[in-house]
Amino acid sequence: MMHTNDTEVPSQDVFALRHLGPRPDEVAAMVEYMGAGSLEGLIERAVPASIRLQEPLAIPAAQSEREVLEDLAALAQRNEVRRSYIGMGYHNCITPPTIQRNILENPGWYTQYTPYQAEISQGRLEAMLNFQTTVLDLTGMEVANSSLLDEATAAAEAMTLCRRVLARDVERNRFLVSERCHPQTIAVVKTRAEPLGIEVVVGDLHTLEVTPEDFGVLVQYPCTDGTVEDPANLVRRAHDAGALVAVATDLLALAVLRPPGELGADVVIGSAQRFGVPMGYGGPHAAFMAAREDYKRMMPGRIAGLSEDSEGRPALRLALATREQHIRREKATSNICTAQVLLAVMASMYAVYHGPDGLERIARTVHGRAKSLAVGLRAAGCEVLSPHYFDTLRVRPASGADAVLAAAEQRGINLREFGDGTLGVALDETVRQQDVVDLVEVFGGNAASLDAAKVADEDALPAGLRRTSAFLTHETFHRYRSETELLRYMNRLQAKDLSLTTSMIPLGSCTMKLNAAAEMVPVTLPGFGQLHPFVPLEQASGYGEMMGRLEDWLAELTGFAAVSLQPNAGSQGEYAGLLVIRARHAARGEQQRSVCLIPTSAHGTNPASAIMAGMEVVAVQCDDDGNIDVGDLRGKAERFADRLAALMVTYPSTHGVFETTIAEICDVVHQNGGLVYLDGANMNALVGLCKPAQFGADVCHLNLHKTFCIPHGGGGPGMGPICVTEELAPFLPGHPVIATGGEKAIGAVAAAPWGSPSILPISYAYIAMMGPDGLREASKVAILNANYIAKRLEGHYEVLYRGLDGLVAHECIIDVRPFKKSADVDVADIAKRLIDYGFHAPTMSWPVAGTLMIEPTESESKAELDRFCDALISIRDEIRAIEEARSDRVDNPLKRAPHTAFEVCGDRWGRAYSREQAAFPAPWTRVHKFWPPVSRVNDVLGDRNLVCSCPSVEEVANA
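What you see is a predicted model, and the numbers here were worked out from it, not measured in a lab.

Colleague: So what about the overall build of the protein chain? Which residues, and what values?
Modeller: Each helix and strand in the protein chain was counted, giving 33 helices and 26 strands. In terms of overall dimensions, the protein chain is globule-like: its C-alpha atoms have a radius of gyration of 28 Å, near the 30 Å expected for 959 residues. Seen through its principal axes, the protein chain has C-alpha atoms that stretch 85 × 80 × 65 Å. When burial is assessed residue by residue, the protein chain has 65% of its 959 residues classed as buried.

Colleague: Give a detailed account of helix α22 (residues 605-612), specifying residues and quantitative values.
Modeller: Quick reminder: α-helices carry 3.6 residues per turn. Residues three or four places apart thus point the same way. Of all eight residues in α22, seven are buried, a share of seventy percent or more. One or two steps after α22, the chain reaches glycine 614, where phi turns positive at roughly 80°.

Colleague: An account of the nonpolar core is requested, with residue identities and associated values reported.
Modeller: Core analysis: the largest hydrophobic core is formed by 292 residues, its most contacted members being Leu415, Phe443, Leu554, Ile767 and Ile830. The element best represented in this core is helix α12 (residues 341-379), accounting for 19 residues. Counting residues in each nonpolar core, the second largest holds 28 residues, with Ala576, Leu728, Ile746 and Val749 among its members.

Colleague: Break down the packing of aromatic side chains for me, with residues and values.
Modeller: All chains considered together, the criterion is met by 19 aromatic pairs. Seen from their ring centres, tyrosine 281 and tryptophan 754 are 5.8 Å apart, and the 15° between their planes marks the pair as stacked. Taken together, the residues tyrosine 281 in the loop between β7 (267-271) and β8 (287-291) and tryptophan 754 in the loop between β22 (722-724) and α25 (760-792) connect sequence positions 473 residues apart. Three or more aromatic residues joined by ring pairs form one cluster here, namely Tyr281, Phe528, Tyr543 and Trp754. Over the face of the ring belonging to tyrosine 575 we find arginine 192, whose NZ or CZ atom lies 5.6 Å from the ring centre. Just above the ring of tryptophan 931 sits the side chain of lysine 929; from NZ or CZ to the centre is 5.0 Å.

Colleague: Could you give an account of the pairing of strand β15 (residues 423-426), with specific residues and numbers?
Modeller: Neither face of β15 is exposed, since Leu423 and Val425 on one face and Gly424 and Ala426 on the opposite face are all buried. Inspection of the sheet shows strand β14 (residues 416-417) paired to β15 by two bridges, in the antiparallel sense. Note that in β15 the partner of glutamate 417 across the bridge is leucine 423. Counted along the chain from β14 to the antiparallel partner β15, the turn is five residues long, and its residue glycine 419 has a positive phi close to 85°.

Colleague: Can you break down the sheet that holds β14 residue by residue, with the values?
Modeller: If you trace the four strands from one edge of the open sheet to the other, you get β11-β12-β15-β14, paired in antiparallel fashion. Each edge of the open sheet is held by one strand with a lone partner, namely β11 (383-384) and β14. Here strand β12 (residues 392-396) runs beside β15; their pairing, made up of four bridges, is antiparallel. Its bridge partner being in β15, arginine 394 is matched across the sheet by glycine 424.

Colleague: Outline the environment of isoleucine 505, listing residues and values.
Modeller: Here isoleucine 505 is to be found in the loop between α17 (483-495) and α18 (517-520). Between the alpha carbons of isoleucine 505 and histidine 840 there is a distance of 5.3 Å; along the sequence they are 335 residues apart. Those residues in contact with isoleucine 505 that sit more than four places away from it in its chain are Thr111, Tyr113, Leu498, Ser499, Leu500, Met512, His840 and Glu855.

Colleague: Account for the confidence of the model for the protein chain, naming residues and giving values.
Modeller: On average, residues of the protein chain score 94 in pLDDT, and 96% of them reach the 70 mark or higher. The low-confidence segment residues 1-6 (pLDDT under 50) makes one contact with residues lying over four places distant or belonging to another chain.

Colleague: Requested: an account of the side chain of threonine 851, with residues and values cited.
Modeller: The topology assignment puts threonine 851 in strand β26 (residues 851-854). The buried category is assigned to threonine 851, whose relative accessible area is 0%. Apart from the residues lying within four places of it in its own chain, the contact partners of threonine 851 are Leu800, Ile813, Ile814, Asp815, Val816, Arg817, Val827, Thr843, Met844, Ser845 and Trp846.

Colleague: Residue-level account of the sheet that holds strand β20 (residues 675-680), with values.
Modeller: Within the open sheet, the seven strands sit side by side as β16-β22-β21-β20-β19-β17-β18. Their pairing is mixed. For this open sheet the edge positions go to β16 (562-564) and β18 (616-620), each flanked by a neighbour on one side alone. Sheet twist, expressed as the average angle between the axes of neighbouring strands with direction ignored, equals 25°. Pairing analysis gives five bridges linking strand β17 (residues 595-599) to β18, with the strands arranged parallel. Bridged to proline 599 within β18 is valine 620. Sitting on the sheet, helix α20 (residues 541-558) touches β16, β21 (699-702) and β22, and the angle it makes with β16 is about 120°. The strands touched by helix α23 (residues 630-639) are β17, β18 and β19 (644-650); relative to β18, the strand with the most contacts, the crossing angle is about 150°.

Colleague: Account for helix α3 (residues 39-46), naming residues and giving values.
Modeller: Among the residues of α3, Leu39, Leu42, Ile43 and Ala46 are the ones counted as buried. Take α3 and look down its axis: the buried residues cluster within an arc of 100°, on one side only.

Colleague: Give a detailed account of the side chain of lysine 636, specifying residues and quantitative values.
Modeller: Mapping lysine 636 onto the fold places it in helix α23. Beyond its immediate sequence surroundings of up to four residues, lysine 636 is in contact with Leu597, Val618, Ala619, Val620 and Gln621.

Colleague: Just give me the short version of the pattern of salt bridges, but keep the residues and values in it.
Modeller: Where charged atoms of side chains with opposite charge meet at close range, the side chains can pair. Evaluation of the coordinates by the stated rule reveals 67 salt bridges. The salt bridge partner of aspartate 632 is lysine 636, with a shortest N-O separation of 3.1 Å. Of the two residues, aspartate 632 and lysine 636 are both situated in helix α23; the distance of four residues between them amounts to about one turn of the helix. Of the residues examined, lysine 636 reaches a relative accessible area of 16% and is grouped as buried. Among the ionic pairs, lysine 780 bridges to glutamate 777, the shortest N-O distance being 3.3 Å. Of this pair, lysine 780 and glutamate 777 both sit in helix α25, three residues apart, which is roughly one turn of the helix. Accessibility expressed as a relative area gives 7% for lysine 780, which makes it buried. Among the ionic contacts, a cluster of salt bridges with common partners joins Arg83, Arg411, Asp435, Asp438 and Glu441.

Definitions and cut-offs
- Residues numbered from 1 in each chain as written.
- Predicted model: local features only at pLDDT ≥ 70, side-chain atom pairs only at ≥ 80, totals over all residues.
- Heavy atoms only, no water.
- Helix = DSSP H or I, 4+ residues; strand = E, 2+ residues; numbered from the N terminus.
- Rg over C-alpha atoms; globule rule 2.2 N^0.38 Å.
- Buried < 20%, exposed > 50% of the residue type's maximum accessible area, 1.4 Å probe, protein only.
- Core = buried A, V, L, I, M, F, W, Y, C linked by side-chain atoms within 4.5 Å.
- Phe/Tyr/Trp six-rings, centres within 6.5 Å; stacked < 30°, edge-to-face > 60°.
- Lys NZ or Arg CZ within 6 Å of the ring centre and 35° of its normal.
- Pairing = 2+ DSSP bridges.
- Contact = heavy atoms within 4.5 Å.
- pLDDT = per-residue confidence, 0-100.
- Axes fitted to C-alpha atoms, helices over the stretch in contact; angles between N-to-C directions.
- Arc of directions from axis to C-beta.
- Salt bridge = Lys/Arg side-chain N within 4 Å of Asp/Glu carboxyl O.

Right, dumping it as structure tokens:
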């Protein structure tokens, strides 16, 4: 038999060919249609020569899916998964396999987009409503949002919410924080407060006086050391002084403890992590916020609410859209853009799976194990420092902390060290009785000391703090107890949503590309999913190696010197990047530099982040072609030269154009003492073609959930790491528990040291499997696909902005404003009609009102691009029919879109167009039809009559 050298055998698994949508022959056909000689020639025309890379990327050659999965499995095995009883807001939990398989690992859930198009998001919105109901019922509050990034940032948001509520009382500028809050929470609150000029006082709230200078108080319930104390007295003292009280709490504990709402809390925050979401070395996890009804319009994050559709049937939607921070821009009170929807959905399903009796049973079991441990420890001569606790004990060992830690090390057990000779032990639902025995023995006791009678007599919950009120009474939390029923429920909800499993989602600026299965598999490996974020670094060597490589690759792709992975959202990356710039100016004695120049075309989170970073926003105008007006920029940079801190710029531009003046723009800012923050939202058009550091940027955040394939999950998770120059590296974010960042580190911006590490294997796998050539090809094809769509739509729609040689970058904006006058058709009508064709709408009315911004990504095939273009062209013909009076201006398929099966099959049709035109407007809809579950949703009604928890049967019947 002839043997061939392995190097001569063609690879059977070239991942880039699977990631890229168009086949090589389709690329050739599209290039020919564009009138370009080659794809490379098209790129040379589209991307300014002055910024194009001249050298290859210095990252490893592409690996196969199998090789990368083996690599990541080996890295995961290097992480030592011990029994961790560290607590501090992170606990082992049991993810029901049906939820893991059918939500977390299901592309029908993780490839959904944020539910701005309510008609095709009803399933996700119902799951979000279930999450809000769970939070409201357990906390005893009146209004809740549908998730925030993590518990620490939720606490920071609670602080600023309290300040907003009392904004008229300008003398109040102090926020009191209990020293028994989690240390990472205290750190993030301090980071948020400092640029805003808020004084944070951390201390013992038993002795700290609440004064008229204080606008709010933050207390932990139960405390970080496990102590359960009644906060009612503190609440009274705070309210008597005119201050508000925020309570950080634990949802599982509230199954047996009185809810904060019954104790007078104004705001309640926490994490839903232990509701079935793996620790993941710190995230992602869904945080929550609940508050009084009066504060609903001030709350950050999103709220799922109940409205009705055009047929009068109940329908869900995102409520109070005017609260959206990217809409409020420099008037924003938070920079929240996305949150942790996929994880909130998991937590909500955990609550549905167990119901109130199951949650109470879990809580009582965990509490019972803690009581057993307390009895055993006391019998061993140890001091349990608090008489009242739920699941966490602070212990002074009889034999000394060092001896206990040594014994724990031998048994593969992690405990919390307080640094004063005491140790913390936090139990969870995975703890068995044998684990309790092991813990007692580690502390010098034995199994014989676990006297059942004494355990039964242990009275660890204060009588006045035992829960008596019912929770999760809605039928949703009682109907789906068998796995069969729950499976069908989850599948019904999934069927109500349009995801990438149905069709392309052509959202400009949002980059809904392939999230390959091979990238997703490592997320649920135990070595990545089951690690506590505060274990010693030597137990996380696999994570350290993976994150180190990923940081090196991101630095190489952007041209920067250092990377922080801590920001756990794109908006957090913006905020962290600006704080780093601010810290650099302060270190040079230039604290006065606070002006941030932002183009009027910028994403709304840019000005919101600048305000949070303590900066003053000055708008820079754009010219008629959508480019930054360099003259206006120069004038303002020179005018504010003594105070100029930064320019925030998106590249390619928000208008989907490679601006030729980008290097000059950066020079102008540098000449006037400022630094350049580059918003990396559009980095997917630059990878392998250009490096932001080389054309003048100083800081760049990257949306790993866009460019580097972490899925959107219906509105999160995301990651927004920042890349910086060598000069700024010393200021990268630190952390109070695990040392990270530079020697002059700014404070923590997220709860965990590396944000949401368990989803980093996705981006790691993507880069490793694509390699330098594949990454460059992805950028090229993204640009080709966008230009192909722009070309195909010529003569039907006007493309609003173009760059070099009449080309766009990776997205294009089509102008539909003329149709309002000619046919009374607006952008929403087109968006809703696209649903009937089986498509999610492009980004609506941003960055230009009345337009659609289209981004096809590199993952869509020519056939899918053609199908989408055919849909838009067909819709243009329907508009033309109205213009030519062949179709009624009111009773037509656009104004009454989308069309449900209920409407089409009902006996009350009576419309001026046929059922066939309504439901089957294109040939492919006869092969596979996505039926929207509701018709057009009434937004005004939903805002006027906000219902943000599961409605009763009577409410649904009367809606």
